[in-house]
Amino acid sequence: MRLSMPRFMISEHPFPWLFPLIAMLLVFAVFPLAYNIYLSFHEFAIAKRSLVFVGWENWLKLFSDTRLYNALVINITYTVVCLTVQLVLGFLIALLLDTDEKGFGVMRALFSLALVIPPAVTGMMFKMMEDPQFGMIAWALEKLHILSREVPILATSELALAGVMIADIWQWTPFITLIFLAGMRGLPKEPFESAVIDGASQWKITTRFTIPMLSKVIAVAVLIRGIDLFRTFDYIYVMTSGGPGIQTYTLSFYTWKQFATSLKWGYGATLSLLALIIINVAATVLIKLAKIKW
Amino acid sequence: MTMVLPIYFWITVSIKRDKDVFVLPPKLFRFEPTADYFKAVLLDISPVEQSIESRGALGFSGGGITYMVPRLVDSIIIAVGSTILVVTIATLAAFALSRIHFRAQHHFVYLILSTRMLPPVAVAIPLFLTYKTVGLYDTHLGVILAHTVMNIPLAVLLLKSFFDDVPLEIDEAAIIDGATYWEIFRRIILPTMRTGIAATAVLCFIFSWTEFLFVLMLTATGLKTVPVATSAFVTSTGTQWGSLAALGVAALIPAFIFILLVQKNLVRGLTMGSLKQ
């Protein structure tokens, strides 16, 4: 029986098991990466319809590109603001829900609903709700005397990014809440009970016990959400297309624009490598600091 | 409340006539429901064939294509195809990473994790250029392969965390009894880890189902998945919100049913197995 099986199946060596994965990664991760590095030293010449070697030109351009600077500022603003709001809101909602045992299943189901909507569709949904003429959010803001409907949220330079962030925050706060809730469920009960007996206030219990004990959970949430926020594209594409002007150009969107509209394949590749380097460095530091293990 | 309101509102848009959509304050309950958008999107009953009366009320402006079943089929082919592929590859790899110890294992795991950090656009540019030359551009297979790679880190790391739950002593006992790794895989790991594999599959399905950028960049006219197809409702003469909402709702239902099935392992899945519930 055993002899009739192909040799790789009875092997003790990990390679046969990993072979499909390695092949896939070589073709679809390592090769694109190498191709990107190659492209970053070339540029598509529209007149010649071919790639020409340009040396370090694309890389040097990174230092003088004001639009890139603009995109990086927007990216960092977007990531930091969304992450902070989502963590704080997610944590608070999780604290509120943690007490209720029975409703947990229902809430979890409702929360996961937001996760299965394609971000592009969420973007369209919020674009409609923020529409100055018939949008619900624009209308509510006017009723609350916060913002007149004469100011279109997604077409005003100071507000457009916030308008996009609302969609992101709405869609991904439940994700953070779910993670925190799971984390809180896993905490030991004893320290909390003794703290209550000692007469500690709710605030003290939260800051002294819950948050420190959840530090690993928080780190994982920051890591996964941070990576995705830094790569944001869908919301920008459907809601503002980077506008007004270049006010909502994230790094991903700028890269895509360079590639698809300006046909600057080489520079686009250079930008995407820059994004990869930033994410990789930041994520590695976080993983090391928080000792996240897989 | 804030959570549910936008979704509820979106569902109402898919069954409201334009005169009830474009009014403020928003009509959340008192409106006359209509299934016309769903008919247009799912049954290809174009607004022209519907009664003139209702056409006026619906205000199908802008024309354009509203029949979206082919797009749903594209989405299903791609999501199912890439899910099967990624789960197969990842199950094998996760088994090796969980059971067989080898040199540089940690580095290998980190390498897999770092593919998660690749911005999609960084992969999509080279793939676009390569696909053009090898003829994978604008094909289902091309997108399936791209989505497979996108989901590999999630699937491998999550499955590894599930497989790690099976105590190593069982392996050792089996090896003493003369079992090979393949037998351990088939007789012990696969049967006990059915739910874990199912949870992984569902998450991969959903991430493929909702993915936007690869489909946008790697396809032209041949196929489109639902997220990209929604942009077809944005026409030069205005956006067909009703049809757009109807498609959004239609696409939401299967994904939601799937995710309800894996509720228990959801958090673990979303954190790629680094947090256990």
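Residues numbered from 1 in each chain as written. Chains lettered and ligands numbered in written order. Predicted model: local features only at pLDDT ≥ 70, side-chain atom pairs only at ≥ 80, totals over all residues.

Draft legend 1. Structural detail: the overall build of chain A. If you tally the helices and strands in chain A, you get 13 helices and two strands. Computed over its C-alpha atoms, the radius of gyration of chain A comes to 24 Å, more than 25% above the 19 Å expected for a compact globule of 294 residues. Overall, the C-alpha framework of chain A stretches about 75 × 75 × 35 Å when taken along its three principal axes. The long-range fraction of contacts in chain A, counting pairs at least 24 apart against all pairs at least 6 apart in sequence, stands at 68%. (Helix = DSSP H or I, 4+ residues; strand = E, 2+ residues; numbered from the N terminus. Rg over C-alpha atoms; globule rule 2.2 N^0.38 Å. Contact = placed C-beta atoms within 7 Å.)

Draft legend 2. Quick peek at the pairing of strand S2 (residues 50-53) of chain A. All names here are of chain A. Pairing of strand S1 (residues 42-45) with S2, which is carried by four bridges, proceeds in the antiparallel orientation. Bridge pairing in S2 places Phe44 opposite Leu51. With antiparallel pairing between neighbouring strands as the criterion, S1 and S2 make up a hairpin whose turn holds four residues, including Arg49 at a positive phi of roughly 55°. (Pairing = 2+ DSSP bridges.)

Draft legend 3. Molecular detail of the interface of chain A and chain B. Opposite the 68 residues of chain A that make contact, chain B presents 69 residues. A per-element tally of the side of chain A that touches chain B places helix H1 (residues 15-40) of chain A first, with eleven residues. A per-class count over the side of chain A that touches chain B returns 55 nonpolar, eight polar and five charged. (Nonpolar A, V, L, I, M, F, W, Y, C, P; charged D, E, K, R; others polar.)

Draft legend 4. Here's a closer look at the packing of helix H5 (residues 119-129) of chain A against helix H7 (residues 160-185) of chain A. All names here are of chain A. Contact pair H5 / H7: the axes reach a minimum separation of 9 Å and the direction vectors enclose 125°. By the angle class used here, H5 and H7 are oblique. For the crossing formed where H5 meets H7, the hand is right-handed. Taking contact as the criterion, the partners of Pro119, Thr122, Gly123 and Phe126 in H5 are, on H7, Ile166, Ala167 and Gln171. Grouping the amino acids of the contact of H5 with H7 by side-chain chemistry returns four nonpolar, three polar and no charged. (Axes fitted to C-alpha atoms, helices over the stretch in contact; angles between N-to-C directions. Parallel < 35°, antiparallel > 145°, perpendicular 65-115°, else oblique. Left-handed = near helix turned anticlockwise from the far one by under 90°.)

Draft legend 5. Seen up close, H5(A). In terms of burial, H5(A) is largely enclosed, as eleven of its eleven residues are buried. Of the residues making up H5(A), those classed as buried are Pro119(A), Ala120(A), Val121(A), Thr122(A), Gly123(A), Met124(A), Met125(A), Phe126(A), Lys127(A), Met128(A) and Met129(A). (Buried ≥ 20, exposed ≤ 12 C-beta atoms within 10 Å, placed from the backbone.)

Draft legend 6. Summary view of the confidence of the model for chain B. Residues with a pLDDT of 70 or more make up 83% of chain B, whose mean pLDDT is 80. In this model, residues 48-63 of chain B is a region of pLDDT below 50 whose contacts with residues beyond four sequence positions or in other chains number 24 contacts. (pLDDT = per-residue confidence, 0-100.)

Draft legend 7. Main features of unusual backbone geometry. All names here are of chain A. Its identity as a non-glycine residue notwithstanding, Ser241 has a phi of 50°, on the positive side. With respect to the element layout, Ser241 can be found in the loop between helix H11 (234-239) and helix H12 (251-260). For Leu263, which is not glycine, the phi torsion reads 55° and is therefore positive. Mapped onto the elements of the fold, Leu263 is located in the loop between H12 and helix H13 (265-290).

Draft legend 8. Seen up close, the environment of Leu263(A). All names here are of chain A. Among the residues examined, Leu263 registers 14 C-beta atoms within 10 Å and is labelled partly exposed. On a C-alpha basis, the gap between Leu263 and Gly186 in space is 51 Å, while along the polypeptide they are 77 residues apart. Other than its neighbours up to four places away in sequence, Leu263 contacts Phe44 and Ile46.

Draft legend 9. Up close: the confidence of the model for chain A. Per-residue confidence for chain A gives a mean pLDDT of 85; residues scoring 70 or more make up 94%. Of the regions scoring below 50 in pLDDT, residues 1-5 of chain A engages in four contacts with residues more than four places distant in sequence or in other chains.

Draft legend 10. Spotlight on the environment of Ala255(B). Examined against the element boundaries, Ala255(B) turns out to sit in helix H14 (residues 241-261). For Ala255(B), a count of 23 C-beta atoms within 10 Å gives the class buried. Measuring from C-alpha to C-alpha, the distance between Ala255(B) and Thr192(B) comes to 25 Å, with 63 residues separating the pair along the chain. Those residues within four positions of Ala255(B) in sequence are excluded, and the remaining contacts are Val116(A), Ile206(B) and Trp209(B).

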